[in-house]
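One letter stands for each residue in the lines below.
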Amino acid sequence: MTATTVQSTSRTGPRTAKTVLVTGASSGIGEATARLLGAAGHRVFLGARRADRVAAVAKDIQADGGTADHRELDVTDLESVRAFVRAAQESYGRVDVLVNNAGVMPLAMLEALKVDEWNRMIDVNIRGVLHGIAAVLPIMREQGAGHIVNVASVAGHRVDPTAAVYCATKYAVRAISEGLRQESRDLRVTVISPGFTRTELTDGISDLGMRAVAEDMMGIAIPATAIGEAIVYAVNQPADVDVNEIVIRPTAQG
């Protein structure tokens, strides 16, 4: 497929439109990122468990003049991720960027022994990232270029009560990303670490008291578009510039 040149309003000047895959694209950071990438002229391929929601986002991007397609995706299932990547490659001819965004955050004290929730965080936040890498890495190696953007968190830089397992998964994302970066000379790797951001993450907190506390803290949260803009910035850099990590949080967050 012939690459298309589009004009950018950023200081980097003209850039080449890229095929960008986004996981967890039905809401929050994933949805905002997909919309911004589509508006910037990139070809986006969206994946999420909620097929109806992700289809609606893709349709909106198309209605606004962008190029978008979608597929139902479960990042905890390696075959689902591989099928998602194959579908994107078949649609657009190549895979330039993967945004590993899907994540869950069911906060709770360790003594609550919510083992199923611990395992869910490990499956989505760690295995999901690894499945994405496993699915795109051979394609990117064959192309001789590619970019993997992993969404971590400020929780990957500090540990707070109720968030021990969540923080552990986000520390893991940063470690995996840095290992991949050091192993690569033709692959760009970016870690995006958001602070308090308005998303649906708090909906997954089963402890209603804990959820209320988390939602109260979200009073200072920044919009998901703020994180999306950071991802677009990293994606839009020229091939010889690798934005390794961006930490972005509300000004009021301690």
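Model, not experiment: these values are computed from the prediction. (Residues numbered from 1 in each chain as written. Predicted model: local features only at pLDDT ≥ 70, side-chain atom pairs only at ≥ 80, totals over all residues. Heavy atoms only, no water.)

A. Examining the overall build of the protein chain more closely. Scanning the protein chain for helices and strands turns up seven helices and nine strands. Against the 2.2 N^0.38 benchmark of 18 Å for 254 residues, the protein chain shows a C-alpha radius of gyration of 17 Å, consistent with a compact globule. Its C-alpha atoms give the protein chain principal-axis dimensions of roughly 55 × 35 × 30 Å. Here the protein chain holds 254 residues, and the buried ones make up 51% of them. Here the analysis covers contacts within the protein chain between residues at least 6 apart in sequence; of these, 70% occur between residues at least 24 apart. With the model as given, the accessible surface of the protein chain reaches about 11700 Å², and the carbon-plus-sulfur share is 52%. Treating the 26 positive side-chain charges of the protein chain as one cloud and the 29 negative ones as another, the clouds have centres 4 Å apart. (Helix = DSSP H or I, 4+ residues; strand = E, 2+ residues; numbered from the N terminus. Rg over C-alpha atoms; globule rule 2.2 N^0.38 Å. Buried < 20%, exposed > 50% of the residue type's maximum accessible area, 1.4 Å probe, protein only. Contact = heavy atoms within 4.5 Å. Areas by Shrake-Rupley, 256 points an atom, 1.4 Å probe, with all protein chains shown as cover. Lys, Arg positive; Asp, Glu negative; His and termini not counted. Charge placed at Lys NZ, Arg CZ, Asp CG, Glu CD.)

B. Region of interest: the nonpolar core. Grouped together as the largest cluster of nonpolar side chains are 39 residues, with contacts concentrated most on Leu21, Phe45, Val85, Val95, Leu107, Val136 and Ile148. Those elements that provide at least two residues to this core are helix H3 (78-92), helix H4 (115-143), helix H5 (164-183), strand S8 (187-194) and helix H6 (208-217). At eight residues, the largest contribution of residues to this core is made by H4. Counting residues in hydrophobic clusters, the runner-up holds 31 residues, among them Leu37, Ile61, Ala68 and Val149. (Core = buried A, V, L, I, M, F, W, Y, C linked by side-chain atoms within 4.5 Å.)

C. Just the pattern of salt bridges, in detail. By the definition in use, this model includes nine salt bridges. For Arg35, the salt bridge goes to Asp60, with nearest N and O atoms at 3.0 Å. On the criterion of sequence distance, the pair formed by Arg35 in helix H1 (residues 28-39) and Asp60 in helix H2 (residues 51-63) is long-range, its members being 25 residues apart. Its relative accessible area of 34% is what places Asp60 among the partly exposed residues. Arg174 is the partner of Glu245 in a salt bridge, and the nearest nitrogen-oxygen pair spans 3.0 Å. (Salt bridge = Lys/Arg side-chain N within 4 Å of Asp/Glu carboxyl O.)

D. Representation of the sheet that holds S8. Across the sheet, seven strands lie side by side as S5-S4-S3-S6-S7-S8-S9; this open sheet has parallel pairing. With one partner strand each, in any of the chains shown, strand S5 (67-72) and strand S9 (245-248) form the two edges of the open sheet. Pairs of neighbouring strands in the sheet enclose a mean axial angle of 15°, with direction left out of account. As defined by bridge partners, strand S3 (residues 19-23) adjoins strand S6 (residues 97-100) across three bridges and the pair is classed as parallel. Following the sheet pairing, Leu21 is matched in S6 by Leu98. Each of S6, strand S7 (146-151) and S8 is contacted by H4, which is oriented at about 175° to S6, the strand it contacts most. Along the sheet, H5 contacts S7, S8 and S9; its crossing angle with S8, the most-contacted strand, is approximately 160°. (Pairing = 2+ DSSP bridges. Axes fitted to C-alpha atoms, helices over the stretch in contact; angles between N-to-C directions.)

E. Highlighting the confidence of the model for the protein chain. In the predicted model, the protein chain carries a mean pLDDT of 91, and the fraction of residues at 70 or more is 94%. Under a pLDDT of 50 for its full length, residues 1-14 has, in the predicted model, 20 contacts with residues more than four places off or in other chains. (pLDDT = per-residue confidence, 0-100.)

F. Up close: the packing of aromatic side chains. The full count for this structure, using the stated rule, is two aromatic pairs. Ring centres of Phe45 and Phe84 lie 5.3 Å apart, and the angle between their planes is 50°; this geometry places the pair in the tilted category. Taken together, the positions of Phe45 in strand S4 (residues 43-48) and Phe84 in helix H3 put the pair 39 residues apart, joining distant regions of the chain. In this structure Phe45 comes out as buried when scored by relative accessible area, which is 2%. Ring centres 6.3 Å apart and planes at 85° place the aromatic pair Phe45 and Tyr92 in the edge-to-face group. Taken together, the positions of Phe45 in strand S4 and Tyr92 in helix H3 put the pair 47 residues apart, joining distant regions of the chain. Given the relative accessible area of 6%, Tyr92 is considered buried. Three or more aromatic residues link up through ring pairs in this structure, and these residues are Phe45, Phe84 and Tyr92. (Phe/Tyr/Trp six-rings, centres within 6.5 Å; stacked < 30°, edge-to-face > 60°.)

G. A look at the packing of H1 against helix H7 (residues 224-235). Interhelical geometry of H1 versus H7 gives an angle of 50° and a closest axis separation of 8 Å. When the interaxial angle is binned, H1 and H7 end up oblique. Handedness of the crossing formed by H1 with H7: right-handed. Each of Gly28, Ile29, Ala32, Thr33, Leu36 and Leu37 in H1 lies in contact with H7, whose residues at this interface are Ala224, Thr225, Ile227, Gly228, Glu229, Ile231, Val232 and Val235. When the residues that make up the contact of H1 with H7 are grouped by side-chain class, the tally is nine nonpolar, four polar and one charged. (Parallel < 35°, antiparallel > 145°, perpendicular 65-115°, else oblique. Left-handed = near helix turned anticlockwise from the far one by under 90°. Nonpolar A, V, L, I, M, F, W, Y, C, P; charged D, E, K, R; others polar.)

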